[in-house]
Amino acid sequence: MEEIYAYAQQWSTKRLGCGFQTEYSHDNLVAYLSKTFGDEWKIYAPQSCEKAPSSFPRKNNKTSQKALCKFIDRDDFTMKDADYMLDGHCETVAAALSEYVVRIVNDGALGPDVLEKAYELIHKDLTAKNVSDQVALLFAPFKRNELMWKVAMGDNVQLDTSVRKELVAGLDPKLPERLRKVANQLQTDNGTASTIPLYILNYIWDQDELTVQDLEQKGVETAVYSLHVIGLVLDPKHRSIYLADPNGALLPGGCMEFITIPVAPHGLAPSTALSRYDRDQQEKTKKKKRGTASVTSNKKRAKK
């Protein structure tokens, strides 16, 4: 993650207006992967966020921070590090979730039920545990450090940490070829499911839902750039791909939207108007105004 972090530091960490269009579902990512792998591969995305493992531990407080420090057990890992990790633990949680998906697939399951079962099982395990055990389950991949994805990937997939920055969806034009190469490699090996991490640029919104007045101003700054990660679980035997997103499904009006893939400037000044949710809200407002204007016009005609 060091190289990705260095790359991300090129951007301001202050609140920003959007410079790229965004999406609030996995549909755009699914379309990108469908184009990458072809029609013979089936791609499954999460449909719910009710049992998302990223919601654990329930609170980022001294109890969970102390539990994480104790679990990591390193002199250089401080309470401040724990606070930071608990606020942004999508990578280690994605790796943990992917391990569940891999086990389920390798046990013979396939189709849309795979993700639903994985979310259900990890949620059940997390709910039954205390904070210390929740931390141990979710941060076990992080504790492996460079081997974070090793269990989920298996011995058949080789991923050097230095190329992680090249696994950002829609940013590197060579990524589709790299993903196809991994899939072909798995098909020629023993055919067991394996995972590779897929990083996704996004905006995280740090305000409540924008008002109509905010939208009309178009200059309200609400977002910070961020880098999300999901586990891309490939089942070469059945040519299926499962998106193990630690957040589950994205929600309209939620705090995160993926930057539209392929990543490219929209050509407009940075503005919240580029958010998919805000664009939809603006369209609804326009339709409502058109509808009101139409009713008013009809009433005037009726008076005549």
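Above this note sits the structure.
Residues numbered from 1 in each chain as written. Predicted model: local features only at pLDDT ≥ 70, side-chain atom pairs only at ≥ 80, totals over all residues. Heavy atoms only, no water.

Quick word on the overall build of the chain
Where we set the bar: Per the convention used, a helix needs a DSSP run of H or I reaching at least four residues, while a strand needs a run of E reaching at least two, with both numbered from the N terminus. Only protein chains enter the calculation, and the probe is 1.4 Å; a residue is then buried if its accessible area is under 20% of its type maximum, exposed if over 50%, and partly exposed in between. Note on definitions: a residue-residue contact is assigned when non-hydrogen atoms from the two residues lie within 4.5 Å. Only the protein chains shown count as covering a residue, and every accessible area follows the Shrake-Rupley method with a 1.4 Å probe.
Helix and strand counts for the chain come out as 11 helices and six strands. For the chain, buried positions account for 47% of its 304 residues. Taking the intrachain contacts of the chain between residues at least 6 apart in sequence as the baseline, contacts between residues at least 24 apart amount to 77%. Split by element, the accessible area of the chain, about 16400 Å² in all, is 50% carbon and sulfur.

So, unusual backbone geometry
In this structure, the amide linkage connecting F56 to the following residue, P57, adopts the cis form with an omega of -15°. Put simply, I261 and P262 share a cis peptide bond, and its omega is 0°. Relative to the helices and strands, P262 is located in the loop between β6 (256-259) and α11 (276-303). Unusually for a residue other than glycine, D73 sits at a positive phi of about 55°. Its location among the elements puts D73 in the loop between α3 (62-72) and α4 (79-87). Not every positive phi belongs to a glycine, and R239 is a case in point at roughly 50°. Position of R239 among the secondary structure elements: in the loop between β4 (223-235) and β5 (240-244). Using a relative accessible area of 33% as the deciding quantity, one classes R239 as partly exposed.

Re the packing of aromatic side chains
Filter applied, for reference: Two rings belonging to Phe, Tyr or Trp (six-membered ring only in the last case) form a pair when the distance between their centres is within 6.5 Å. Interplanar angles under 30 degrees mark stacking, angles over 60 mark edge-to-face geometry, and anything in between is tilted.
Summed over the entire model, instances satisfying the criterion amount to four aromatic pairs. A centroid spacing of 5.2 Å and a plane angle of 15° characterise the contact between Y44 and Y242, whose relative ring orientation is stacked. Linking Y44 in strand β2 (residues 42-44) with Y242 in strand β5, this pair joins segments that are 198 residues apart in sequence. Each member of the pair, Y44 together with Y242, is buried. Residues F139 and F142 carry aromatic rings whose centres are separated by 6.5 Å and whose planes lie at 90° to one another, so their mutual orientation is edge-to-face.

Quick look at the packing of helix α2 (residues 27-37) against helix α9 (residues 175-188)
The following threshold applies: Between the N-to-C directions of two axes lies an angle of 0 to 180 degrees, each axis being a line fitted to C-alpha atoms and, for a helix, fitted only over the stretch in contact. By convention the crossing between two helices is left-handed if the near helix lies anticlockwise of the far one by an angle smaller than a right angle, and right-handed if it lies clockwise. Classification convention: Asp, Glu, Lys, Arg as charged; Ala, Val, Leu, Ile, Met, Phe, Trp, Tyr, Cys, Pro as nonpolar; all other residues, Gly among them, as polar.
In the contact formed by α2 and α9, the axes pass within 9 Å of each other and the chain directions differ by 65°. The handedness of the crossing between α2 and α9 comes out as right-handed. The residues of α9 that touch α2, namely those facing Y32, L33, T36 and F37, are L175, P176, L179, R180 and A183. When its residues are assigned to classes, the contact of α2 with α9 shows seven nonpolar, one polar and one charged.

Looking at helix α7 (residues 131-143)
Filter applied, for reference: Multiplying 1.5 Å by the residue count of a helix minus one yields the expected span of that helix. What the bend at a residue measures is the angle between two axes, fitted to the seven residues ending there and to the seven starting there. A 3.5 Å cut-off defines polar contacts: any pair of N or O atoms within that distance qualifies, except that in protein one atom must be a possible hydrogen donor and the other a possible acceptor, and neighbouring residues in sequence count only when both atoms are side-chain atoms.
Helix length check: α7, at 13 residues, gives a terminal C-alpha distance of 17 Å against a target of 18 Å (1.5 Å per residue), a fit within 8%. Taken as a whole, α7 carries its principal kink of about 40° at L137; the proline P141 stands between one and four residues after it. Among all positions in α7, only Q134, V135, L137, L138, F139, P141 and F142 are buried. Against the buried residues of α7 lie α3, α4, α5 (90-106) and α6 (113-127). At the N-terminal boundary of α7, the capping side chain belongs to N130, with an oxygen 3.2 Å from the backbone nitrogen of S132.

A word on the nonpolar core
Cut-off, in case you're wondering: Side-chain atoms within 4.5 Å link the members of a nonpolar core, which is a set of buried Ala, Val, Leu, Ile, Met, Phe, Trp, Tyr and Cys residues.
Formed by 39 residues in total, the largest nonpolar core has its most connected members in L29, L33, L232 and L243. Elements supplying a minimum of two residues to this core: α2, α5, α9, β3 (194-205), β4, β5 and β6. By residue number, the principal contributor to this core is β3, which donates six residues. Discounting chain neighbours no more than four positions away, the residues touching L29 are A169, L198, I200, I230, L243 and I261. If you look at the next biggest cluster of nonpolar residues, it comprises 34 residues, including Y44, C69, L138 and A193.

Quick word on the pattern of salt bridges
Rule in force here: Definition used for salt bridges: Asp or Glu carboxyl oxygen within 4 Å of a side-chain nitrogen of Lys or Arg.
Counted by the stated rule, this structure contains four salt bridges. Its salt-bridge partner being D76, residue R74 comes within 3.0 Å of it at the nearest N-O pair. For R74, a relative accessible area of 40% puts it in the partly exposed group. Notably, a salt bridge pairs E99 with R144, separated by 2.8 Å at the nearest N-O pair. Linking E99 in helix α5 with R144 in the loop between α7 and α8 (150-153), this pair joins segments that are 45 residues apart in sequence.

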